[in-house]
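# Examination of the molecular architecture
Given next are the chains, with one letter for each unit.
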Amino acid sequence: MTDTDQHIEQTDSPPRTIAVGDIHGCAQALERLLAAIELTSQDTIVFLGDYMDRGPNSKRVLEIVIELSEQFQVIPLLGNHEIMMLDAVKESVMRDLWLQFGGQQTIESYGGDFANIPTEHLDFMQQCLPFYETEDHLFVHANYLPGSPLADQEDQVRYWTHLLDFQPGPHKSGKRVIVGHTPQTHGNILDFGHLVCIDTYCFGGGNLTAFDVSTNEIWQAKENE
Ligand SMILES: [Mn+2]
């Protein structure tokens, strides 16, 4: 294939919006997933948050996502684990809590010392967005209330409430909602039609999932295989 053919093929392929579920330090799975997706300059990739904690290499995950955001259209959303980590960095009284909820693995990936976390990584987490909205989809880390815009909803709902505790009906906008946060321990996505959860428990032996919201194409990768 000549360079010209490749150019034509790329511009002909429709732009994709691809959501990626909770990575939780699974850097190998993320690398495998990105290799399978083959992002183009027209695609948008939406990370649903929880880049870190629990899994083996949070530092590397942050490096990959930051590098990717310099090359492609990346929408990084905020998860409850980024909130816990940022709190722990700011206030030492918050550290024990975070370390118990998977922060121990993260701090080990940075050589065991808070001081080793690069400013660039903290800046990245601070820039993560509360949600993302397209013409027909809403993306948010954990959950939502059906009757109001995501911009007006409380952090408790957007970042913390499990689907086991509250399963919302369709959002009043009519848009399909894509979330992570509630781990699907069988490794497959949870699809209610109006709501799709793509946290497929990568750190616990399940999969890391990417989901193309226009075609419903799914890619999955494991951390250890
Ligand atoms: Mn979460």
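Worth saying up front: this structure is predicted, and the values here are computed from it rather than measured.

### Describing the sheet that holds strand β2 (residues 44–47)
Judged by pairing direction, the sheet is mixed, and its five strands sit side by side in the order β3-β2-β1-β9-β10 without closing on themselves. Because the sheet does not close on itself, it has two edges, and the strands there are β3 (73–76) and β10 (218–221). Ignoring strand direction, the axes of neighbouring strands in this sheet form an average angle of 20°. Looking at chain direction, strand β1 (residues 17–20) and strand β9 (residues 208–212) are connected through three bridges and run antiparallel. Across the sheet, residue Ala-19 finds its bridge partner in β9, namely Phe-211. Lying on the sheet, helix α2 (residues 27–37) is in contact with β1, β9 and β10; it crosses β10 at an angle near 145°.

### A few points about the packing of α2 against helix α3 (residues 58–71)
Between α2 and α3, the shortest axis-to-axis distance is 8 Å and the interhelical angle comes to 30°. Considering the angle they form, α2 stands roughly parallel to α3. Taking contact as the criterion, the partners of Ala-27, Leu-30 and Glu-31 in α2 are, on α3, Arg-60, Val-61 and Ile-64. Per-class residue counts for the contact of α2 with α3 are four nonpolar, no polar and two charged.

The rules we used
Residues numbered from 1 in each chain as written. Predicted model: local features only at pLDDT ≥ 70, side-chain atom pairs only at ≥ 80, totals over all residues. Pairing = 2+ DSSP bridges. Helix = DSSP H or I, 4+ residues; strand = E, 2+ residues; numbered from the N terminus. Axes fitted to C-alpha atoms, helices over the stretch in contact; angles between N-to-C directions. Contact = placed C-beta atoms within 7 Å. Parallel < 35°, antiparallel > 145°, perpendicular 65-115°, else oblique. Nonpolar A, V, L, I, M, F, W, Y, C, P; charged D, E, K, R; others polar.

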